[in-house]
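Fold and geometry: a report
So you can see what is in the structure, the chains are spelled out below.
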Amino acid sequence: MSDTRLSVLKTYKLYVGGKFPRSESGRVYEVSDSKGKWLANAPLSSRKDARDAVVAARKAFGAWSGATAYNRGQVLYRVAEMLEGRRDQFAREVADAEGLSKSKAAAVVDAAIDRWVWYAGWTDKIAQVVGGGNPVAGPFFNLSSPEPTGVVAIVAPQESSFLGLVSVLAPVIATGNTAIVVASENSPLPALSLAEVLATSDVPGGVVNVLSGRTAEIATPLAAHQDVNAIDLAGADEVLAKELEIAAADNLKRVLRPQPVDYAETPGTDRLTAFLETKTVWHPTGSLGASGSSY
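Conventions used here
- Residues numbered from 1 in each chain as written.
- Predicted model: local features only at pLDDT ≥ 70, side-chain atom pairs only at ≥ 80, totals over all residues.
- Heavy atoms only, no water.
- Helix = DSSP H or I, 4+ residues; strand = E, 2+ residues; numbered from the N terminus.
- Buried < 20%, exposed > 50% of the residue type's maximum accessible area, 1.4 Å probe, protein only.
- Pairing = 2+ DSSP bridges.
- Right-handed = clockwise from strand over helix to strand, strands pointing away.

Moving on: unusual backbone geometry. Of note in this structure, Asp 202 is not a glycine but carries a positive phi near 70°. Tracing the sequence through the fold places Asp 202 in the loop between α7 (189-199) and β7 (208-211). Judged by its relative accessible area of 54%, Asp 202 falls in the exposed class. A positive phi angle, near 60°, is found at Leu 252, a position not held by glycine. Looking at the element boundaries, Leu 252 is found in the loop between α9 (238-248) and β9 (254-256). In this structure Leu 252 comes out as exposed when scored by relative accessible area, which is 76%.

This is the structure in structure tokens:
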């Protein structure tokens, strides 16, 4: 046998509705590492790809939001399990994307895996933190409970191509929303590889959709889309963020503005609550007797 062989180069694809289509436009763009060395051709998403992703996310929303919080936690934990098995691959991709040493890239991947576990643990606990019974004047039960906002578009962080991505994506789906991710424009490969993990981790098709390409070209139609309920501008610069916020106002989308974040720090619950709505229900307790008791 020959000692030499041709390398099998990976073909990266979009992730929409649980499938891996090429860009509708057929376009690709070159992705290079931190030193300018060519890594791969990534799909260059079009507006049609963005619309298809919204359709897929909306279709998946009912079942995902209706699943028990405990079940969603199991699914997120499964993502962490699958990532653990592909740790070396992601460490290489993160090292190339962000110009990190192998050890630092491995630490980033470990932190991202831990982040999935963190949010998996919060799925059935966040309602206890932000919901509960409210004291009211009258014979009523008054209960507030959190519910997912709906379809959330995410402009992923540009520099933190993997840990940052996981840090903004995991809390969105942990709380029952579905997501359309616009991957880092210059470093989309970790996000596209994450899609392969999601596809084999019990995450239903359409719950997460991953698009790569020109951030402004993809995010603009998502911000203006009438069937997108919220948008996270984490990876948008100041000019683009303002444009997207104006477009989002047309149907009163919930907007999470970009802010300085150290993704290596413990995330807290802010992003869990960012895309939750509060539903309050009143229910009569029955007539109060002379003793002041009811039921």
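That shown, we press on.
Taking burial as the measure, the five residues of strand β6 (residues 178-182) include five buried ones, the bulk of the element. With burial as the criterion, each face of β6 is covered, one bearing Thr 178, Ile 180 and Val 182 and the other bearing Ala 179 and Val 181. Inspection of the sheet shows strand β5 (residues 151-155) paired to β6 by five bridges, in the parallel sense. Note on β6: the bridge partner recorded for Val 152 is Ala 179. Running through helix α6 (residues 163-174), the crossover from β5 to the neighbouring parallel element β6 is right-handed. You can see the chain leave β6, run along α7 and come back into β7, and the turn it takes is right-handed.

All we've got here are geometric facts, nothing functional implied.
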